[in-house]
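Results of the structural survey
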Amino acid sequence: KFSLLPGRQVTSSDGHFAVQSDGTIVAVGDTTVTAQGKTFLLRGEDKSGRRWRMEVHLSPEPDQTGVERAPSKILRRTKRRWSPLPFSIREEDVPPFPKDVELVGSDSSVNFTVFYEIRGQGVTMVPLNLFSVNRDSGMVRVHYRVDREQYPKFVFQAHVFDRRSGIETDLPLDITVLVEDINDNAPTFSGPLNFSVFEHCRDGTQIGEVMSTDRDQENTLHTKVRYSLLSGGEFFTIGPNNGQILAKSSSLDRETQVIHPVIVEIRDMDGAPKGLFNTATAMITLKDINDNPPTFRQTSYKTTVQENKADVLILRIPVDDKDEEKTPNWNAKFVINQGNENGNFRIDTDHKTNEGLLYVIKPLDYERAHAVKLMISAQNEAPLVDPKATWLSVPVDVNVVDVDEGPEFTTPNLVIRVKENTPNGTLLSTYTALDPETNSNKGIKYYTVSDPGSWISVGETTGELRVANTIDRESPLVTNGAYTIKVKAVDSSQKTGNGTVTLLIEDVNDNVPKIVPGTDMSLCEGDKGHMGSVVIKAEDSDLSPYSAPFHFTLPEGNDGKWRLTNIKNESAVLQQVVDMSRGVYQVPVRVTDLQDKGGVQVLNVRVCGCVAGECVAARSSSSVGIWGVLAMLLAFLLLLLLCLLFVFYCTTKADKIYLDDSSGGMLLKSNTEAPGEEVKSANLQMFSDTVDSSLKSPGLMGMMDQSKGVSSAPGQLFSQNSVTLRESMYQTKNRQDFYAAQNGASDFYANNTLMKQSQASSTLSALHTWKTNGLYLDKKVGYLVGVSEERYAGDTVRAYGYEGEGSPAGSVGCCSDFGDQDNLDFLDSLGSKFKTLANICTEKK
């Protein structure tokens, strides 16, 4: 162990040993000390920065006999190793470069011819080529300057090789190179420099802390900073080691100076003159306290106001305050300490100007006081910090100006007690007014301003109050037994004064109890053996003792079917005594108040069966009535709808008019104002006597067989009774169906004459209905039933009814549809109507 100054770093050339901070040399791991001993070097730097080295020699310790002890098992040598050499270089070293740093050696050099190489940071890694090694001697060299703040140390590996075989003769060794710091960085400020403190604070009050940092090596003089103040020392101090700013005096006054700039210096090397330094300005702001009360600009104030004025501003009182504006320490509030016992004044604060605003809120009377003296104090929202300090006050003289005012009633509100129903004309009181200037009522007249019930009359010249109409305490105009009247007095100059009269109306027994809600009641009949009952309630508009409790009795001479039970203050129970059938019964009941004033009231009691406490009869009546009305209304609507449909059907029913035309069309009677031209045409003629002869035409039956109707003169019209038409249709149809089924198809045509005679008995118009078409379709069906299977062949001979001579259609065969389709000669035989159509089309072309 050797003496070592604090903060000094010592390195050992042998990695098996290290030096502690107190100078003690210790073994880092297992090592062996031979009989010849062991030697290594210690390197360091003194206070002045001069580098030194010291050689240390270790030898085995002899035992007590003086004989040298053999090596212990712990200090045994395990393997031949080359010695590690931790070393350092100087930061920002000056040229020339390269410079020798340290010698690297390996024990293997005893047995081999070796060479050295280094690899890693500072060699093959950034920063590149900072270090190199002499291959033969093992000397490590540095080639340019290094910044410790960027690279505080370097770690690289040293390798040793046999020159002949190129094989490593020892394990690689990690070498650490420390960069020795120099004081090349000045300290800098790292924290805020704006601080605040309340004014007039005590000595030693901490205001804030200045913080700094230094990039040089920690825990050295290069980073030991000392703080000092270059200005503001009369009010503040700063801790040299911690940078805390403290108040030096309690005389700091914000009203004198709000912000104090203080220049702070920080210097490393513990403040040594050669140390590096920086300066900055710290701003210390004084915070306000309420150490200044508001002050008045005048010692007294005077103002005037007219009497009878209210809610008027009469004076502005300005004040000054040195404290910070718009804060509770500056905001003023004013208090009237004296002279406002009657509440005539109010004082507020104008928050923009901080002035006091004095108002008259209750009229002043010149006749009572010509002037009023007030004492007003100005305060702050925040209390004063000095408990011994007091708020300032100022006197204010308010002069009242006399004006000619109207009369004044002797009392603003006259209260009179009166019983209701007091006779009209009764004098209740006299309500007069006086002129304040003359103190006389001469020439004053009185008028009613408000009297909702016109109960009181006011004497115009005397002010007498008399009853004009019946006073009723139970009237809705009375509130809590009080009735209010407003009266005005008018002097000779037409100035007025107002007064109020309040009548406190005393109750009298002028009302009798009445059964509520009415005299109609329903009583639910009880079960067998139990009698029904109903509750009777009564009310009286009078007050006690002229109202409840009521007395309920049945008058003398009652029928004995009822009785009253459970009589209470305002109710009683009316109960059956005997069984009664359902119906309405009249029951007289006498009800009197506490003064035995009342009378007999007749109750209409309906005895009925009840469900859930409700009379079934009443409920059913009500329900049936509603649904009955709805049912009648619905029936009426349905009847009206049926009438409308019937009228619509009758007015739109088509009277069928059959045309004697092969088209089978019908004419329908129109609902227009007049018949159309086609109805009036001469082409529509009625047939009567010619029907039989037309039916006998040979060509008619052929057309009938084809279900195309009867061919007649073009445009002729047939009509017959509808009953005859239907009968002839069904008779003909039945005979044809029966005959076809009995005799077969051959007999059907043989008896064609019989069918014609049957048809002649019916109207020709029947052939033009759909039922007539169905008749002939049935004929066809009967015919097809009797024919052979040949009817399905396409070229079998067909038997047709005789159509007459000169048919323009010619013969009809199976192949007639495949004739000359381009031949248009058939158009010449289509009739006059088709020729007219053809001529029209030809003209268009």
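What you see as residue numbers is a count from 1 along each chain, following the sequence as written. It should be noted that, the model being predicted, local features are given only for residues of pLDDT at least 70 and side-chain atom pairs only at 80 or more, the latter also being counted only at that level, while totals for whole chains, interfaces and linings use all residues. The basis for every side-chain value is the complete set of non-hydrogen atoms in the structure, without hydrogens or water.

Per an unreviewed UniProt entry, the protein chain is named Cadherin domain-containing protein, and its organism is Esox lucius. UniProt positions are given in the numbering used here, feature names are shortened, and annotations may be inferred rather than shown by experiment. Of the protein chain, the UniProt comment under Function (unreviewed entry) reads exactly: "A component of desmosome cell-cell junctions which are required for positive regulation of cellular adhesion. Involved in the interaction of plaque proteins and intermediate filaments mediating cell-cell adhesion."

**Some details on the overall build of the protein chain**
Put simply, DSSP marks the helices as runs of H or I at least four residues long and the strands as runs of E at least two long, and each gets a number from the N terminus on. Each helix and strand counted, the protein chain has 8 helices and 52 strands in total. Three exposure classes are used, based on accessible area relative to the maximum for each residue type with a 1.4 Å probe and protein chains only: buried under 20%, partly exposed in between, and exposed over 50%. Within the protein chain, the fraction of its 845 residues that count as buried is 33%. Under the convention used here, a 1.4 Å probe and the Shrake-Rupley method define accessible areas, while residue burial counts only the protein chains that appear. With the model as given, the accessible surface of the protein chain reaches about 51200 Å², and the carbon-plus-sulfur share is 53%.

**Regarding the packing of aromatic side chains**
The rule is short: rings of Phe, Tyr and Trp, with Trp giving its six-membered ring, pair when the centres are within 6.5 Å, and they are stacked under 30 degrees, edge-to-face over 60, tilted in between. Applying the stated criterion across every chain, the model contains 9 aromatic pairs. Ring geometry for phenylalanine 235 against phenylalanine 236: centres 6.3 Å apart, planes inclined by 65°, an arrangement best described as edge-to-face. Judged by its relative accessible area of 22%, phenylalanine 235 is partly exposed. Between tryptophan 562 and tyrosine 585 the ring centres are 6.4 Å apart and the planes differ by 65°, which places this aromatic pair in the edge-to-face class. Of the two residues, tryptophan 562 sits in strand S44 (residues 562-565) while tyrosine 585 sits in strand S46 (residues 583-592), which places them 23 residues apart along the sequence. On the accessibility criterion, tryptophan 562 (6% relative accessible area) is buried.

**With respect to the pairing of strand S11 (residues 153-162)**
Burial of S11 is extensive: 7 of the 10 residues sit out of reach of the surface. Any two strands with at least two DSSP bridges between them are considered paired. Sheet analysis places strand S8 (residues 114-120) next to S11, joined by 7 bridges and oriented antiparallel. Note on S11: the bridge partner recorded for valine 114 is aspartate 162. The sheet contact formed by S11 and strand S12 (residues 173-180) spans 6 bridges and is antiparallel. Pairing of glutamine 157 across the sheet is with aspartate 174, part of S12.

**Description of the sheet that holds strand S18 (residues 236-238)**
Ordered in space as S15-S19-S18, the 3 strands form an open sheet in which the pairing is antiparallel. Taken across any chain shown, the strands that pair with only one partner, and hence form the sheet edges, are strand S15 (206-209) and S18. Each neighbouring strand pair of the sheet contributes to a mean axis angle of 20°, computed without reference to strand direction. Sheet topology note: the S18/strand S19 (residues 244-247) ladder contains 3 bridges and is antiparallel. Across the sheet, phenylalanine 236 pairs through a bridge with alanine 247, a residue of S19. Lines are fitted to the C-alpha atoms to define the axes, a helix being fitted only along its stretch in contact, and any angle between axes, read from their N-to-C directions, falls within 0 to 180 degrees.

**Comments concerning the state of the cysteines**
Working definition: a disulfide is two cysteine sulfur atoms within 2.5 Å of each other. Taken as a whole and assessed by the stated rule, the structure comprises 1 disulfide. Note that cysteine 524 is cross-linked by a disulfide to cysteine 610, the S-S spacing being 1.8 Å. Of note, the bridge from cysteine 524 to cysteine 610 carries an S-S torsion of about -90° and is left-handed in sense. Here cysteine 610 lies in strand S48 (residues 610-611) and cysteine 524 lies in strand S41 (residues 520-524), a separation of 86 residues in the sequence. Under the relative-accessibility criterion, cysteine 524 is labelled partly exposed at 26%.

**Overview of the pattern of salt bridges**
By salt bridge we mean one thing: a side-chain nitrogen of Lys or Arg within 4 Å of a carboxyl oxygen of Asp or Glu. Considering all chains together, one arrives at 24 salt bridges under this definition. A salt bridge links glutamate 149 to arginine 148, with the nearest nitrogen and oxygen atoms 3.4 Å apart. A relative accessible area of 17% places glutamate 149 in the buried class. The exposure class of arginine 148 is buried, given its relative accessible area of 11%. Note that arginine 466 is salt-bridged to glutamate 464, the shortest N-O span being 3.2 Å.

**Quick look at the pairing of strand S23 (residues 301-306)**
Burial of the side chains of S23 is restricted to one face: Tyr301, Thr303 and Val305 are buried, whereas none of Lys302, Thr304 and Gln306 on the reverse face is. With 6 bridges joining them, S23 and strand S30 (residues 392-401) adopt parallel strand pairing. Along S30, the bridge assignment pairs valine 305 with valine 400.

**Section: the side chain of serine 249**
Following the sequence through the fold, serine 249 ends up in the loop between S19 and strand S20 (259-267). Polar contact is the term for a pair of N or O atoms within 3.5 Å; when the atoms are in protein, one must be able to donate a hydrogen and the other to accept it, and sequence-neighboring residues count only if both atoms are side-chain atoms. Of the polar contacts made by the side chain of serine 249, one reaches the side chain of serine 251; its length is 2.8 Å.

**Quick look at the sheet that holds S30**
If you trace the 4 strands from one edge of the open sheet to the other, you get S23-S30-S29-S26, paired in mixed fashion. Whereas interior strands pair on both sides, the edge strands pair on one side only; in this sheet they are S23 and strand S26 (332-338). Strand-to-strand twist of the sheet, defined as the mean angle between neighbouring strand axes without regard to direction, takes the value 35°.

**Some words on unusual backbone geometry**
Cis geometry is adopted by the peptide bond preceding proline 96, which originates at proline 95 and carries an omega value of 10°. Position of proline 96 among the secondary structure elements: in the loop between strand S6 (87-90) and strand S7 (99-103).

**What about the environment of threonine 565?**
Residue position: threonine 565 is located in strand S44. With 12 residues separating them in the primary sequence, threonine 565 and threonine 553 have C-alpha atoms 9.8 Å apart. Contact partners of threonine 565, with chain neighbours within four places excluded, come to Ala572, Val573 and Gln575. The contact definition used throughout considers only heavy atoms, calling two residues in contact when any of these lie within 4.5 Å.

**A few points about the confidence of the model for the protein chain**
Each residue gets a pLDDT score, which is the predictor's confidence in that residue and runs from 0 to 100. With 71% of its residues at a pLDDT of 70 or more, the protein chain has an overall mean of 77. Overall, residues 618-624 carries pLDDT values under 50, and its contacts beyond four positions in sequence, including any with other chains, amount to 4 contacts. Of the regions scoring below 50 in pLDDT, residues 655-669 engages in 36 contacts with residues more than four places distant in sequence or in other chains.

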